[in-house]
Amino acid sequence: MPDHDDHIDTPDAPPGGAVSTPAAAPAASATAAGKRSRPPVRETRVTGQPGFVLHSYPYKETSLIVDLFTRDYGRVGVVAKGAKRPLSKLRGVLQTFQPLSLSFSGKHELRTLIDAEWVGGMLPLEKTALLCGFYLNELLVKLLARDDKHPLLFDHYVSTLNQLAHGEPPPIVLRKFERALLKETGVAADLGRSTTTRAPVAPARDYVVDPEKGAREAVPADVWPVVLGKTLLDMEREDYSDPQTQGQSKQLMRFLLAHHLGGAPLNTRQILIDLMQL
């Protein structure tokens, strides 16, 4: 009996529509011009790539579509054929927060998973740390473009999972990762210098942070979160030892992330807020 998942419906050419040609050109010439305008799409095969499962959902009868975060290829979408079958090797391997060695191939945005092996060496996440891990994954899925590599962010993700697993304070761990994510994606606002005066941020002054420009002195009409200059400087130094810095940075990062998400809700964030006010 044929496997209904063996064929994945993907386009044979990149999006962009048909190539226009001059009306006077013969049909054969138009066809040739159209072919010449499309460079050949070469199939790529990647083996032994370090990565993690961010999210997965069912595809057809026995397969999964899996969002992966890999060190050298960024966020990658793959089809794991037959992964839902009881005897599939992939069934017990494609788990979140477990370091994997991944092999995949394909020439489209959605590739085919060839193999996944558990690497080990990390403690599992439990209780609140587990919820925090799902929050990290949701941020990556919603803020990272596919096939945009971020090796430094990948290393920071691994470090963050380890810190959570070893009981480091979640509010501090999450603030550091959120800031690193915005930096790596190129949308982190400048927190160390006023965008209006170009002077260094003064610890005792009140500031707001424009998500597109950076910090500036607060005025009475501001509706954005107002934070002390010291909080901004502490965030630049990744020093969250001051309880006031922890509280103000939480409100600021919530505001900045909401802006860059375009208002899209973070489901796990709301759960964490309800449980721990993180």
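Nothing here was measured: the structure is a model prediction, and the numbers come from that model.

Of all the seven residues making up strand 3 (residues 74-80), seven are buried; the element is thus mostly covered by neighbouring parts of the structure. Bridging between strand 2 (residues 63-70) and strand 3 involves seven bridges; their strand directions are antiparallel. When the sheet's bridge partners are listed, leucine 64 is paired in strand 3 with alanine 80. The antiparallel pairing of strand 2 with strand 3 creates a hairpin that spans three residues between the two strands.

Before going further, it helps to examine the packing of helix 5 (residues 229-237) against helix 6 (residues 243-260). Relative orientation of the contacting elements helix 5 and helix 6 amounts to 85 degrees, with a least axis distance of 9 Å. If you check the angle between helix 5 and helix 6, you find them roughly perpendicular. On the side of helix 5, the interface is formed by Lys230, Thr231, Leu232, Asp234 and Met235, while helix 6 contributes Gln244, Thr245, Gln248, Ser249, Leu252 and Met253. When the residues that make up the contact of helix 5 with helix 6 are grouped by side-chain class, the tally is four nonpolar, five polar and two charged.

Attention shifts here to the packing of helix 3 (residues 151-165) against helix 4 (residues 170-184). Running from N to C, helix 3 and helix 4 cross one another at 175 degrees; their axes reach a closest spacing of 10 Å. One element, helix 3, and the other, helix 4, form an angle in the roughly antiparallel class. In contact with Leu152, Leu153, His156, Tyr157, Thr160, Gln163 and Leu164 of helix 3, helix 4 contributes Pro170, Val173, Lys176, Phe177, Ala180, Leu181 and Glu184. Considering only residue class, the contact of helix 3 with helix 4 consists of nine nonpolar, three polar and two charged.

This next bit is on the pattern of salt bridges. Enumeration over the complete set of coordinates arrives at 15 salt bridges. Residue arginine 179 is joined to glutamate 236 by a salt bridge in which the shortest nitrogen-to-oxygen separation is 2.4 Å. Here glutamate 236 lies in helix 5 and arginine 179 lies in helix 4, a separation of 57 residues in the sequence. Where salt bridges share partners, they join Asp67, Arg75, Glu109 and Arg146 into one cluster.

Quick notes on the rules
Residues numbered from 1 in each chain as written. Predicted model: local features only at pLDDT ≥ 70, side-chain atom pairs only at ≥ 80, totals over all residues. Heavy atoms only, no water. Buried < 20%, exposed > 50% of the residue type's maximum accessible area, 1.4 Å probe, protein only. Helix = DSSP H or I, 4+ residues; strand = E, 2+ residues; numbered from the N terminus. Pairing = 2+ DSSP bridges. Axes fitted to C-alpha atoms, helices over the stretch in contact; angles between N-to-C directions. Parallel < 35°, antiparallel > 145°, perpendicular 65-115°, else oblique. Contact = heavy atoms within 4.5 Å. Nonpolar A, V, L, I, M, F, W, Y, C, P; charged D, E, K, R; others polar. Salt bridge = Lys/Arg side-chain N within 4 Å of Asp/Glu carboxyl O.

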